[in-house]
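Each chain, written out:
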Amino acid sequence: MKIKGQTAIVFGGASGLGKACATALLDAGANVAIIDINEEQGGETACQNDALFIKASVAEADEVACSLDRVAQHFGAPARIILNAAGVAAREGRIASPKAPASLTMFKKISSVNVSGAFNVISQTAHAMMSLDPEEGGERGIIVSIASIAGEDGPVGSFAYASTKAAVIGMTLPAARDLAPFGIRVMCLSPGAFDTPMLRSMGEKDLSAALRLIPFPGRAGDPAELGRFFCHVIETPLLNGTNIRVDAAARLALI
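This one's a predicted model, so the numbers in the text were calculated from it and none came from an experiment.

Rules behind the numbers
- Residues numbered from 1 in each chain as written.
- Predicted model: local features only at pLDDT ≥ 70, side-chain atom pairs only at ≥ 80, totals over all residues.
- Heavy atoms only, no water.
- Helix = DSSP H or I, 4+ residues; strand = E, 2+ residues; numbered from the N terminus.
- Buried < 20%, exposed > 50% of the residue type's maximum accessible area, 1.4 Å probe, protein only.
- Contact = heavy atoms within 4.5 Å.
- Areas by Shrake-Rupley, 256 points an atom, 1.4 Å probe, with all protein chains shown as cover.
- Expected span 1.5 Å × (residues − 1).
- Arc of directions from axis to C-beta.
- Polar contact = N/O pair within 3.5 Å; in protein donor to acceptor, adjacent residues only side chain to side chain.
- Phe/Tyr/Trp six-rings, centres within 6.5 Å; stacked < 30°, edge-to-face > 60°.
- Axes fitted to C-alpha atoms, helices over the stretch in contact; angles between N-to-C directions.
- Parallel < 35°, antiparallel > 145°, perpendicular 65-115°, else oblique.
- Left-handed = near helix turned anticlockwise from the far one by under 90°.
- Nonpolar A, V, L, I, M, F, W, Y, C, P; charged D, E, K, R; others polar.
- Pairing = 2+ DSSP bridges.

S.K.: Describe the overall build of the protein chain, listing the residues and the values that go with them.
M.R.: Each helix and strand in the protein chain was counted, giving 9 helices and 7 strands. Expressed as lengths along the three principal axes of its C-alpha atoms, the size of the protein chain is roughly 55 × 40 × 35 Å. Across the 255 residues in the protein chain, those meeting the buried criterion constitute 47%. Once local pairs closer than 6 in sequence are excluded, the contacts in the protein chain between residues at least 24 apart make up 72%. Element-wise, carbon and sulfur atoms account for 55% of the exposed surface of the protein chain, whose accessible area totals about 12400 Å².

Given below as structure tokens:
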């Protein structure tokens, strides 16, 4: 699918990798809507990049539905390009300790955004795309989720985050199979270490350990690099139903 002139939505586009992908789409000529709960950062990002900003949480189905209606009204049609970069992480601790089990409340909070949010985005945006006429080649749109290499190689103390990202990876193939008859592709990207606020929140010790796991180029990724790769995925029709690690051959083995 060609990006220029298309309507795109980036959920979680106020900062980090979502912001980088929104910027890449704008640079490629797309009409972009940023949907995020962070009104201050989201509004600033949208203003700087001539994008539409809508405050909404992916964890709330009705908020996702309302935001999709607003995007369609603003741009004249539902979006054909979707990125779900919305996600949360937390310092969890191990799944259990001699003192107590891990917090179910924390697990539910992380799951509500990372898993239920992904379900809301995929199901509702796909439904909206089905009303569109197919483009050349029969394609109606593409939905891309941002997971994490933690979804395959979760380190110690990341049970909730890693398991929710594994769920996002697991959604990709069955969703692609469900939506293939309608010309809708579904993909997943699993980033490794990228220079984002989430990475920097790890703390110096864990960050240094993570970077040592990267054999080459031995550094954190620039978010703009993921933005460019995201655009490549959009424009390559044979990429469908799979998860791609964008991690410079890192294997997350922090202890």
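S.K.: Break down helix 9 (residues 223-234) for me, citing the residues and quoting the values.
M.R.: Here helix 9 spans 17 Å end to end across 12 residues, near enough to the 16 Å set by a 1.5 Å rise per residue. Taken together, the buried positions of helix 9 are occupied by Pro223, Leu226, Gly227, Phe230, Cys231, Val233 and Ile234. For helix 9, the arc enclosing every buried residue in end-on projection is 155°, short of the 170-degree limit, so these residues lie on one face. Looking at the buried side of helix 9, the elements it contacts are helix 1 (16-27), strand 4 (81-84), strand 5 (141-146), strand 6 (184-191) and strand 7 (243-246). By the N-cap criterion, in which a side-chain oxygen at the helix start approaches the backbone nitrogen of a residue two or three places on, helix 9 is capped by Asp222, the distance to Ala224 being 2.9 Å.

S.K.: Please give an account of the packing of aromatic side chains that cites residues and values.
M.R.: A complete count under the given rule lists 1 aromatic pair for this structure. Ring centres 6.2 Å apart and planes at 35° place the aromatic pair Phe107 and Phe159 in the tilted group. Separated by 52 residues along the polypeptide, Phe107 in helix 4 (residues 104-114) and Phe159 in helix 6 (residues 159-179) bring together distant segments of the chain. Note on Phe107: relative accessible area 29%, which makes it partly exposed.

S.K.: Can you explain unusual backbone geometry? Please cite residues and give values.
M.R.: Glycine aside, negative phi is the norm for most residues, and most peptide bonds take the trans geometry. The linkage connecting Phe216 with the following residue, Pro217, adopts the cis geometry, with an omega of 10°. Checked against the element boundaries, Pro217 lands in the loop between helix 8 (204-212) and helix 9. One non-glycine residue, Ala248, adopts positive backbone phi at about 55°. Locating Ala248 in the fold gives a position in the segment after strand 7. Positioned with a positive phi, Ala249 is a non-glycine residue whose angle comes to about 65°.

S.K.: How would you explain the packing of helix 4 against helix 6 if you had to name every residue and give the values?
M.R.: It is the contact of helix 4 with helix 6, at a shortest axis distance of 9 Å, that shows an interaxial angle of 25°. Viewed along their axes, helix 4 and helix 6 adopt a mutual orientation that is roughly parallel. Helix 6 is crossed by helix 4, and the crossing has right-handed handedness. The residues of helix 6 that touch helix 4, namely those facing Phe107, Ile110, Ser111 and Asn114, are Phe159, Ala160, Tyr161, Ser163, Thr164, Lys165 and Val168. Residues that form the contact of helix 4 with helix 6 fall into these classes: 6 nonpolar, 4 polar and 1 charged.

S.K.: Please provide a residue-by-residue account of the pairing of strand 5, values included.
M.R.: Residues in a regular strand project their side chains so that they alternate between the two faces of the sheet. In terms of residue burial, strand 5 counts as a mostly covered element, since 6 of its 6 residues are buried. Alternating positions in strand 5 separate into two faces, Gly141, Ile143 and Ser145 on one and Ile142, Val144 and Ile146 on the other, with burial throughout. For strand 4 and strand 5, the ladder comprises 4 bridges, and the chain directions are parallel. Across the sheet, residue Asn84 finds its bridge partner in strand 5, namely Ser145. As judged from the 6 bridges shared by strand 5 and strand 6, these two strands associate in the parallel manner. Each residue of the ladder has a partner; that of Val144, found in strand 6, is Met187.

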